[in-house]
Each structure stands twice: as structure tokens, then as C-alpha cells.
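Structure assessment
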Amino acid sequence: MVGRTIVVHSYTTLRAACGIITPTADQFTTVGTYPGLAANAVQGLLRTGRTLGGIKTTGVLSGLTADTAGIHIHTGSSCAADATHPGEATKGHYWDGLASDPWTTVYSSDDKGVATIDLPMANFSLYNTRPVYGRTIVVHSATARVGCGVIGEDNHIYPATVTLGPYPGYTG
């Protein structure tokens, strides 16, 4: 399957987007409700990969309120917690060995509650210096923690992925 092309058609059957299946060593994170909260609509899929000098997390979150709020990697390694101590599973921001907390990172969600994540972070890695593999990603609203996922949890390693772009000549 690697090296093959995927074509996405519009509802009028025009070819609208395409991409090539390529191998990846990136790790994926399924985001759901923050521990201890009643179920909410927050969900998403994030991809964390290596860059020169750090990592980059990309993906899409939905079920958010239209807002600008935080998204951070935390020290914890679980999104499972009881309602009495929900913060114990995710713990605080992960910045071991740095002079200050770098997690001033934010996302902006639209009026439908959807946010596209594009989060480069220098001085972190998947497995080496300040490794993020197995740590929690916490999604905040303006007032609370609302979503959680664990980077690479349950060995959700996708051996290949596709990045879609416009189909050549598509203008819709």
C-alpha cells in the first residue's frame, strides 16, 4: 500500500483532494473527555513527530467551545482518574530540565467547535531528551481542562499515513 495514491471526491464526484501513502514513525494520540468530568463532546486525533531540534504535534480537535485556549503536554501518563483527584493522572506541565515552563501554547476553535492543531515545540523529543512518548496531552477551555489523550497509548502506531492536498486543477 505504501506509495499508492488516495483520491477524495467531492459530493459531485469531482476529484477534490489527493495524497500519497507514506511510512511514518510518528505517534498518534486519541483525545477524549478529561478524567473526572462527565462525558463531553471533546474528541480528536493528534500526530506527534520529530523535527530538527524538537517535535511537532498536528491534528484536529472537535466538540470544543468557540474559543482560544491551551493545549499542553503534561508529566502524567494516564487519562484515567477518579472524580476526587482528576489532576493526579495527568499531573502538571512537562518541562523537566528547562529554566521555565514553555507551555504557553494555544489553539483557536471556530464557531463549530473545531480546532486545527499545529504545535511545534523545540527542546523535546519522542524518546530521548525530554521524551513525550507516553505522556498526556491536555486540552483546556478558557476555564477548565476538557480533553485528554496519551501520546502513543495502546501502541497506536500507524505504519503509514496520508497528508491530503488539493487535487491538481480542482478549484471548488
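For the structure, see preceding data.
To start, this report covers the structure provided alongside it. (Residues numbered from 1 in each chain as written. Predicted model: local features only at pLDDT ≥ 70, side-chain atom pairs only at ≥ 80, totals over all residues. Heavy atoms only, no water.)

Looking at the side chain of His140
Which entries qualify depends on this criterion: The way it works is that DSSP assigns letters per residue, a run of H or I at least four long becomes a helix, a run of E at least two long becomes a strand, and they are numbered from the N terminus. Side-chain atoms alone can form a polar contact between residues adjacent in sequence; in general such a contact is a pair of N or O atoms within 3.5 Å, and within protein one must be able to donate a hydrogen while the other accepts it.
Tracing the chain through its elements places His140 in strand E10 (residues 136-140). A polar side-chain atom of His140 sits 3.0 Å from a polar atom in the side chain of His72.

Observations regarding the pattern of salt bridges
Definition in use: Any carboxyl oxygen of Asp or Glu within 4 Å of a side-chain nitrogen of Lys or Arg constitutes a salt bridge here. Type-normalised accessible area, obtained with a 1.4 Å probe on protein chains alone, sets the label of each residue: buried when under 20%, exposed when over 50%, and partly exposed for intermediate values.
Summed over all chains, the structure comprises 2 salt bridges. Arg47 serves as the salt-bridge partner of Asp26, at 2.6 Å between the closest nitrogen and oxygen. Residue Asp26 is located in the loop between strand E3 (22-23) and strand E4 (27-33), and its partner Arg47 is located in strand E5 (residues 43-51); the two are separated by 21 residues in the primary sequence. Between Asp118 and Lys56 there is a salt bridge, and its shortest N-O distance comes to 3.2 Å. Residue Asp118 is found in strand E9 (residues 115-122), and its partner Lys56 is found in strand E6 (residues 54-62); the two are separated by 62 residues along the sequence. On the basis of relative accessibility, which here comes to 52%, the residue Asp118 falls in the exposed class. What makes Lys56 partly exposed here is its relative accessible area of 34%.

Quick notes on a nonpolar patch on the surface
Applicable threshold: Patch construction takes residues with relative accessible area above 30% that form no salt bridge. Like charges are linked within 9 Å, and nonpolar side chains (Val, Leu, Ile, Met, Phe, Trp, Tyr) are linked within 5 Å. All accessible areas in this document rest on Shrake-Rupley with a 1.4 Å probe, and a residue is counted as covered only by the protein chains that are shown.
Taken together, the side chains of Ile6, Val8 and Leu164 present a nonpolar region at the surface, about 220 Å² in accessible area. By the secondary structure assignment, Ile6 is in strand E1 (residues 5-9).

A word on the sheet that holds E1
Test applied: Pairing between two strands is assigned when DSSP locates at least 2 bridges connecting them.
Here we have 3 strands laid out as an open sheet, ordered E1-E2-E13, and antiparallel in their pairing. Taken across any chain shown, the strands that pair with only one partner, and hence form the sheet edges, are E1 and strand E13 (165-166). Here strand E2 (residues 15-20) runs beside E13; their pairing, made up of 2 bridges, is antiparallel. By the bridge assignment for E13, Ala17 is matched with Pro166.

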